[in-house]
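# A structural walkthrough
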Protein chains: 2
Amino acid sequence: MKIGLDALGGDHAPESTIVGALKALAELSLEDRIVLFGDEEDCKRRIQEAGGDSSKFDFCHAPENISMHEHPTKAVVQKPNSSISKGFSYLQEGKIDSFASAGNTGAMLVGSMFTIKTIPGVLRPAIATVVPKLKNGSGLLLDVGANADCKPEMLNQFAVLGSLYCQHVAGIDNPKVGLINIGEEEEKGNHLTIASYALMKENEKINFIGNAEGRELFTEYADVYICDGYTGNVILKLAESFYVATLKKGFKDDFFDRFNYERYGGTPILGVNAPVIVGHGISSPKAIKNMLLLSRDMVKSNYVDKIRSAFN
Amino acid sequence: MKIGLDALGGDHAPESTIVGALKALAELSLEDRIVLFGDEEDCKRRIQEAGGDSSKFDFCHAPENISMHEHPTKAVVQKPNSSISKGFSYLQEGKIDSFASAGNTGAMLVGSMFTIKTIPGVLRPAIATVVPKLKNGSGLLLDVGANADCKPEMLNQFAVLGSLYCQHVAGIDNPKVGLINIGEEEEKGNHLTIASYALMKENEKINFIGNAEGRELFTEYADVYICDGYTGNVILKLAESFYVATLKKGFKDDFFDRFNYERYGGTPILGVNAPVIVGHGISSPKAIKNMLLLSRDMVKSNYVDKIRSAFN
């Protein structure tokens with residue numbers, strides 16, 4: 001398979017991306033190749049400097065970068081030679097099997113929707129993030145920012161996107177789905193969650209177990225936690241700040257360690273026609289490596305086909 | 001002043017409430033009296049057993065209890081002799097200056113709105129909670145559950161309710177107000193926050209400093225954090241679960257210690273015609289004591305009058 005990586009994406013790129021790609025290469029099988037999108041000569045030079053062999057990589061020359069603060073839609077349209085735009089062109093043409101970037105999340109989302117597009121039947125793609133469980137293992141939370149406003153039908157679909165991801169990529173059998181809410185009872189919540197509950201309990205494609213309060217996110221209660229992108233983004237950044245606080249205080253613990261984004265590499269955009277993964281802006285080489293391994297796992301799992309079948 | 005306490009409210013009541021009331025009495029001045037709502041004979045017996053003097057308290061015989069799982073509106077209407085219903089009758093009649101309970105939050109909210117009522121001009125009361133800051137001191141987050149669905153006008157008013165609370169009860173001069181959102185820029189957010197931002201930046205009664213992301217909640221960024229009650233409740237319970245996790249792991253630290261609800265005693269219902277405070281269900285005697293001292297501080301500050309003037 002061909003795994004695409006935006007060599008220019010991320011606060012520490014291209015150093016972090018090149019070193020990360022080299023680390024990933026060492027763990028990939030021989031038939032898997034990483035395709036680097038960036039300044040080709042610069043990438044080759046950096047690979048050599050890091051002691052690597054650039055003949056082990058494929059390249060797509062894309063010298064322009066979309067920075068973190070550019071307007072996603074404008075940037076994707078106005079910078080056809082950017083690493084993100086080129087990556088999506090390749091993905092659309094089938095020249096790569098997946099595309100990952102630690103760059104501008106909005107541009108990755110726009111690029112996905114403009115080129116490879118949303119899977120027919122899926123109302124809106126969602127961004128999912130891993131949430132560690134206190135005991136061990138982890139769950140999935142979505143949406144964490146792709147859709148600030150949601151309709152109940154969207155939340156009901158996110159449940160399917162997340163369940164199939166947990167099942168086929170994370171290897172969790174019959175994953176339990178919880179709806180993030182402010183009370184356990186069916187009638188509790190805001191307009192969105194009350195209406196979503198009604199849809200989710202009738203949805204035969206998921207194992208819906210009911211409402212999940214904020215305190216249940218890190219427990220064994222569910223495997224997939226569903227909410228709108230506004231709430232999910234607030235949760236994600238709040239949890240991250242708590243993790244950072246434990247780090248600063250010098251607390252070491254397996255549970256808190258599992259908040260480290262480096263372990264997961266990135267957050268997938270679910271519901272689009274190919275595996276697309278967005279990394280944290282501050283991605284280290286380790287995070288980039290894991291983002292590439294997650295790309296491989298998503299391709300291998302045929303996750304996208306499972307979604308196509310589910311929404312067929 | 002007369003400080004009302006629901007002696008039957010809370011998982012550990014009436015033991016916790018009686019012991020907590022005795023602890024508070026030791027810190028109140030002589031002209032302040034605590035009025036206990038519950039089974040009068042039982043309260044007196046327990047005070048004596050704890051080595052106290054029941055003549056130092058006033059009593060209102062209210063033998064019925066509204067349990068945690070009762071439907072708030074039904075319970076308040078159908079149980080006029082319950083400690084919560086009696087408490088609000090007294091508050092309405094001016095026989096007490098404030099009322100606090102670690103019992104059914106919904107019943108406390110319904111009781112407030114049915115008896116003492118919302119202050120004219122205030123669209124909806126809000127429940128506020130203290131959020132500790134990493135450095136030191138603390139901020140305020142509202143709404144944390146009174147209003148699952150909000151309109152921009154409500155969030156704009158919560159900012160005033162919270163600012164005046166910070167100023168007059170918590171003693172923070174010119175408190176900074178942040179809107180919980182998913183991006184720093186004015187145009188970021190969901191429909192609710194975008195529309196709320198537009199109102200808040202024109203609101204001359206508050207010191208609005210813009211959007212606050214989830215990661216900023218524990219920083220010096222703002223003093224008052226505003227969101228709808230669904231989001232606030234999710235944040236509150238998530239933060240609490242994180243705090244509980246640090247406790248279980250044996251991490252001791254001043255910042256995490258300041259998540260302990262016992263320190264604050266309870267969360268006030270803001271925007272109603274008298275000081276009303278709701279305690280955590282698991283309130284210990286220490287929490288009850290601090291809830292009574294917070295009641296005193298709210299009465300002393302004339303917070304309710306400040307709100308009446310602001311909305312006049």
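Residues numbered from 1 in each chain as written. Chains lettered and ligands numbered in written order. Predicted model: local features only at pLDDT ≥ 70, side-chain atom pairs only at ≥ 80, totals over all residues. Heavy atoms only, no water.

- As recorded in an unreviewed UniProt entry, chain A goes by the name Phosphate acyltransferase, listed as coming from Candidatus Sphingobacterium stercoripullorum.
- We quote the UniProt Pathway (unreviewed entry) comment for chain A here in full: "Lipid metabolism; phospholipid metabolism."
- In its Subunit (unreviewed entry) section, UniProt records this for chain A: "Homodimer. Probably interacts with PlsY." (UniProt positions renumbered as here; feature names shortened; annotations may be inferred.)

## A short note on the overall build of chain A
- Helices and strands together make up the secondary structure of chain A, namely 11 helices and 11 strands.
- Once the C-alpha set of chain A is aligned to its principal axes, its extents read approximately 60 × 45 × 35 Å.
- Relative to its 312 residues, chain A shows a buried fraction of 61%.
- The long-range fraction of contacts in chain A, counting pairs at least 24 apart against all pairs at least 6 apart in sequence, stands at 69%. (Helix = DSSP H or I, 4+ residues; strand = E, 2+ residues; numbered from the N terminus. Buried < 20%, exposed > 50% of the residue type's maximum accessible area, 1.4 Å probe, protein only. Contact = heavy atoms within 4.5 Å.)

## Remarks on the nonpolar core
- A:Leu141, A:Ile180, A:Leu217, B:Leu141, B:Ile180 and B:Leu217 are the most contacted members of the largest nonpolar core, which has 96 residues in total.
- In this structure, A:Ala21, A:Leu36, A:Val177 and A:Leu293 belong to the second largest nonpolar core, which totals 56 residues. (Core = buried A, V, L, I, M, F, W, Y, C linked by side-chain atoms within 4.5 Å.)

## Quick notes on unusual backbone geometry
- For the peptide bond that leads from A:Ala13 to A:Pro14, omega is 0 degrees, which places it in the cis range.
- Put simply, A:Leu142 and A:Asp143 share a cis peptide bond, and its omega is 0 degrees.
- In this structure, A:Asp143 sits in the loop between strand E6 (138–142) and helix H6 (152–168).
- Phi is positive for B:Lys117, close to 70 degrees, though the residue is something other than glycine.
- Residue position: B:Lys117 is located in the loop between helix H5 (105–116) and strand E5 (126–132).
- Even without being glycine, B:Asn174 reaches a positive phi, approximately 45 degrees.
- Take B:Asn174: it is sitting in the loop between helix H6 (152–168) and strand E7 (176–180).

## Regarding the sheet that holds strand E5 (residues 126–132) of chain A
Residues and elements named next belong to chain A.
- A sheet is described by the order of its strands in space; here 11 strands give the open sequence E3-E2-E1-E4-E11-E10-E5-E6-E9-E7-E8, paired in mixed fashion. Each end of this open sheet is capped by a strand with a single partner; those strands are strand E3 (58–61) and strand E8 (207–212). Neighbour to neighbour, the strand axes of the sheet diverge by 25 degrees on average, direction disregarded.
- Here strand E1 (residues 2–6) pairs with strand E4 (residues 98–101) via 3 bridges, running parallel. Counted as the bridge partner of glycine 4 is phenylalanine 99 from E4.
- Helix H4 (residues 83–92) rests against E1, strand E2 (33–38), E3, E4 and strand E11 (276–278) of the sheet, and its axis sits at about 165 degrees to E4. (Pairing = 2+ DSSP bridges. Axes fitted to C-alpha atoms, helices over the stretch in contact; angles between N-to-C directions.)

## Some points on the sheet that holds strand E3 (residues 58–61) of chain B
Residues and elements named next belong to chain B.
- Strands sit in the order E3-E2-E1-E4-E11-E10-E5-E6-E9-E7-E8 across an open sheet of 11 strands; the sheet is mixed. Two strands lie at the open edges of the sheet, namely E3 and strand E8 (207–212), each paired on one side alone. Each strand of the sheet is rotated relative to its neighbour by a mean of 25 degrees, with strand direction disregarded.
- By the bridge criterion, 2 bridges tie E5 to strand E10 (residues 267–270) in an arrangement that is antiparallel. Its bridge partner lying in E10, isoleucine 127 is registered against isoleucine 269.
- Of the strands in this sheet, strand E1 (2–6) and strand E2 (33–38) touch helix H1 (residues 15–25), which is tilted by about 170 degrees from E2.

## Details of the interface of chain A and chain B
- Facing the 39 residues of chain A at the interface are 39 residues of chain B.
- At the boundary of chain A with chain B, total buried surface from both sides reaches about 3,500 Å², with 70% on carbon and sulfur atoms.
- Broken down residue by residue, the surface that chain A buries against chain B is led by A:Tyr230, A:Leu238 and A:Phe242, which jointly contribute 22%.
- At the junction of chain A with chain B, the criterion picks out 4 salt bridges.
- We note a salt bridge from A:Lys237 to B:Glu213, for which the minimum N-O separation is 2.3 Å. (Buried area = accessible area lost by both parts, 1.4 Å probe. Salt bridge = Lys/Arg side-chain N within 4 Å of Asp/Glu carboxyl O.)

## Observations regarding the state of the cysteines
All names here are of chain B.
- All chains considered together, the criterion is met by 0 disulfides over all chains.
- Summary of cysteine pairing: cysteine 166 is not part of a disulfide, and the nearest cysteine sulfur, belonging to cysteine 227, is at 14 Å.
- You can call cysteine 166 buried: its relative accessible area is 2%. (Disulfide = S-S within 2.5 Å.)

## Quick notes on the relation of the copies chain A and chain B
- Expressed as a screw transformation, the operator carrying chain A onto chain B has a rotation angle of 180 degrees and an axial translation of 0.0 Å, and the superposed copies differ by an RMSD of 0.0 Å. Taken together, these values place the two copies in the relation of a two-fold axis. By C-alpha distance to the rotation axis, the residue of chain A lying nearest is A:Thr231, at 3.1 Å.
- By residue overlap, the copies meet face to face through one surface: 100% of the interface positions of chain A are interface positions in chain B. (Least-squares fit on C-alpha atoms with pLDDT ≥ 70 in both.)

## Let's talk about the side chain of A:Lys237
- Mapped onto the fold, A:Lys237 is located in helix H8 (residues 229–248).
- Here the side chain of A:Lys237 touches B:Glu213 through a polar contact of 2.3 Å, side chain to side chain.
- For A:Lys237, the residues in contact, after removing those within four places along its chain, are B:Ile182, B:Glu213, B:Gly214 and B:Arg215. (Polar contact = N/O pair within 3.5 Å; in protein donor to acceptor, adjacent residues only side chain to side chain.)

## A short note on the packing of aromatic side chains
- With the rule as written, the count across this model stands at 34 aromatic pairs over all chains.
- With centroids separated by 6.4 Å and ring planes inclined at 25 degrees, the aromatic side chains of B:Phe256 and B:Phe259 adopt a geometry described as stacked.
- A cation over an aromatic ring shows up here: A:Lys205 above the ring of A:Phe311, its NZ or CZ 5.5 Å from the ring centre. (Phe/Tyr/Trp six-rings, centres within 6.5 Å; stacked < 30°, edge-to-face > 60°. Lys NZ or Arg CZ within 6 Å of the ring centre and 35° of its normal.)

## Some words on the pattern of salt bridges
All names here are of chain A.
- Inspection of every chain in the model, using the stated rule, returns 40 salt bridges over all chains.
- Across the pair lysine 201 and glutamate 186 runs a salt bridge, and its minimum N-O distance is 2.8 Å. Residue lysine 201 is located in the loop between helix H7 (191–200) and E8, and its partner glutamate 186 is located in the loop between strand E7 (176–180) and H7; the two are separated by 15 residues in the primary sequence.
- On the accessibility criterion, glutamate 186 (33% relative accessible area) is partly exposed.
- Each of Asp42, Arg45, Arg46 and Glu49 takes part in salt bridges that share partners, so that together they form one network.

## Observations regarding the pairing of strand E10 (residues 267–270) of chain A
Residue and element names in this part refer to chain A.
- By the alternation rule, side chains of E10 split into Thr267 and Ile269 and Pro268 and Leu270, which are all buried.
- Sheet topology places E10 next to E11; 3 bridges connect them, and they run antiparallel. Bridge pairing in E11 links threonine 267 to valine 278.
- Where E10 folds back onto E11 in an antiparallel hairpin, the turn is made up of 5 residues, including glycine 271, whose phi is positive at roughly 105 degrees.

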